[in-house]
Amino acid sequence: MLHGPCGDHNPRCACMSEDKDGRKFCSKKFPKAFRETTILGNNSYAEYRRRDNGVHIVKKIYGNDVIVDNRWVVPYNPVLSLKYHAHVNVEICASIKSIKYLYKYVYKGHDCARMTISVKDSNQIEHDEIKTYLNMRYVTPHEAFWRIFEFTLDEKSHAVTRLDVHLPNEQLVYYKPENDNIRQRLSDAELRNTTLTAWFELNARVPEARTLYYYEIPEKYTYKKGAHGMIWDRKGGITGMVNKPCLGRMYAIHPKQGELFYLRMLLLHKKGVQSWEDLLTTEDFDGDSEPKETFQDACRAMGLLDGNVQWEAYFDEAKDYATPFQLRELFVAIITHGENVDVRAIWDRFKEDFAEDFSRNDAVERAERRALVEIEKMLDNAGDSLTNYGFDKPNMAEFENEKPWDPVEEMARGNAMRRDMYPAQERVVSFVLKKIEELKNGTLTNGCIFIDGPGGCGKTYTYRTLCYLMRGMEIKWTYDAQNVRIAV
Ligand SMILES: [Zn+2]
């Protein structure tokens, strides 16, 4: 499959975008450069090998011959092309960041559409704001087919065992208020193991388990019912053969949770623990055979709170699952609740992650300034400020009122885009403009225009053109992927 060709050969190609200065560019970044070898970039698409071997075809674009070579080939997989008799764009996603996005998709839920069905006399549209925002599940024919035939929706390579992290005697206890004797349930819970207390018990019983961290235990042991309650039992009996790989996972714990947070930190660094006292004892580090008072003290004695190492490790983990907003929140929690935090060092190392959401629309420096403003706002609520950590006071006003646009400029841009339109797009634009005129002169009081068309046919381009034109006319409007709302 070949892309375009677009660019100067074909400025009206669907892929063409425009930057702030009105320069046109291909949003899919074609033509790509020739290269000898495939390069896996950091957090970006792979750059595939494209051989400069003279192979090309000649394509007629608006009557001109255009040479199309390897630089225009869309990444593909021959097996998939053959199997589906179709063009399939295939990209390798090998970055750890893709996990984060996969998770987002899993938890986003079904495809949705906002819709209303209303019947009223044909000239009048009932505008009921609540109804307009009814969220409906949206199932395409493809998906319906897939589900009706009960094809698999997902596969899993590893089982994940969630590991309890709880303070002594603070394990979760479940009960039914209507028919459980709560006192009885509590004393039962005291005797029953959790995955954590069963780990203590396993270490006491099985010497070889002491070579593993808590989170590694599920790789070799199964949590199951033994003769006297729940235990960790060696997988695969005497042979130790493991069929289904398994991973252990401890809940993430917010630094604000204090002791529980430090308990988890200890669990990440201590092996062979046989009791709570054992967990609190740091004899190997400071020669003190008495258990420490708190988990935080034990962390300190082990050198886990020295310098920024722990916090950098913490963000290194968090940046792969937390959203930029959550990361900023964690940063603020650590600044206000942590100890030995080198705020500047964490900022410098993770600023890209803290500003990830803003950098989609803004240049890097501006996105980072914006992230600092957001962090400062949160710190301010906690009675703190970045200025206490060697930062200049962020310019809070910078993002208060985003620059108002210049109507003349917007109108010019709208008109320029309109000149490049296909006839069908132009029909939409002139129709909408006519209706706006009618709204202005009072022959129309309200209205709703529905634009339908398959994906990629240029609806967004049409909306954008209309938006520029309406800004040019200084008309109030709002816009999202599906809707443009206009108020005259
Ligand atoms: Zn293009």
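Model, not experiment: these values are computed from the prediction.

A. Summary view of the overall build of the protein chain. Looking only at helices and strands, one finds 18 helices and 12 strands in the protein chain. Here the protein chain holds 488 residues, and the buried ones make up 18% of them. Of the contacts formed within the protein chain by residues at least 6 apart in sequence, a portion of 54% connects residues at least 24 apart.

B. Summary view of the nonpolar core. Ranked by size, the top nonpolar core spans 26 residues in total, and within it W199, W232, Y262, L266, F295 and C299 carry the most contacts. When contributions to this core are tallied by element, the ones reaching two or more residues are α6 (195-205), β8 (221-226), α8 (259-267), α9 (276-280) and α11 (295-301). A per-element tally of this core places α8 first, with six residues. Not counting residues up to four positions away in its chain, the partners in contact with W199 are Y214, I217 and W232. Membership of the second largest hydrophobic core comes to 21 residues, among which are F315, V341, L379 and L386.

C. Spatial organisation of the packing of helix α16 (residues 407-419) against helix α18 (residues 459-472). In the contact formed by α16 and α18, the axes pass within 7 Å of each other and the chain directions differ by 150 degrees. Note that α16 runs across α18; the crossing there is left-handed. Here α16 contributes P407, E410, M411, R413, G414, M417 and R418 to the contact with α18, which in turn contributes R464, T465, Y468, L469, R471 and G472. For the contact of α16 with α18, a count of residues per class yields five nonpolar, three polar and five charged.

D. Just unusual backbone geometry, in detail. For the bond from G4 to P5, the omega torsion is -5 degrees, close enough to zero to count as cis. Along the chain, P5 turns up in the segment before β1 (16-18). For K29, which is not glycine, the phi torsion reads 60 degrees and is therefore positive. When you line up the elements, K29 lands in the loop between β2 (24-26) and β3 (56-61). Residue K29 is classed as exposed on the basis of its C-beta count, with 11 C-beta atoms lying within 10 Å.

E. Representation of the confidence of the model for the protein chain. Put simply, the protein chain has an average pLDDT of 84, and 90% of its residues get 70 or more. For the protein chain, strand β12 (residues 484-487) is the element with the lowest average pLDDT, namely 63, and α6 is the one with the highest, namely 94.

F. Spotlight on the environment of D362. Mapped onto the fold, D362 is located in the loop between α14 (343-354) and α15 (364-381). Take D362: there are 15 C-beta atoms within 10 Å of it, and that puts it in the partly exposed class. In this view, D362 contacts A367 and R370; residues no more than four positions away in its chain are not counted.

G. Geometry of the environment of S81. Relative to the helices and strands, S81 is located in helix α1 (residues 78-84). Looking at S81, the number of C-beta atoms within 10 Å reads 14, which means it is partly exposed. Along the chain, S81 and M1 lie 80 residues apart, while their C-alpha atoms are 9.5 Å from each other. If near-sequence neighbours (up to four positions away) are discounted, S81 is found in contact with Y76, A86, H87 and V88.

H. A look at helix α2 (residues 97-108). For α2, built from 12 residues, the straight-helix expectation of 16 Å at 1.5 Å per residue is met to within 8% by its first-to-last C-alpha distance of 17 Å. Sparse coverage of α2 is indicated by the burial of zero of its 12 residues. Positive phi appears at G109, one or two residues downstream of α2, with a value of about 85 degrees.

I. Structural view of the environment of A318. Turning to its location among the elements, A318 is positioned in helix α12 (residues 309-318). The class of A318 is partly exposed, set by 16 C-beta atoms lying within 10 Å. Between the C-alpha atoms of A318 and L330, which are 12 residues apart in sequence, the distance is 9.0 Å. With near-sequence residues (within four places) excluded, A318 lies in contact with L327 and L330.

The rules behind the values
- Residues numbered from 1 in each chain as written.
- Predicted model: local features only at pLDDT ≥ 70, side-chain atom pairs only at ≥ 80, totals over all residues.
- Helix = DSSP H or I, 4+ residues; strand = E, 2+ residues; numbered from the N terminus.
- Buried ≥ 20, exposed ≤ 12 C-beta atoms within 10 Å, placed from the backbone.
- Contact = placed C-beta atoms within 7 Å.
- Core = buried A, V, L, I, M, F, W, Y, C linked by C-beta atoms within 7 Å.
- Axes fitted to C-alpha atoms, helices over the stretch in contact; angles between N-to-C directions.
- Left-handed = near helix turned anticlockwise from the far one by under 90°.
- Nonpolar A, V, L, I, M, F, W, Y, C, P; charged D, E, K, R; others polar.
- pLDDT = per-residue confidence, 0-100.
- Expected span 1.5 Å × (residues − 1).

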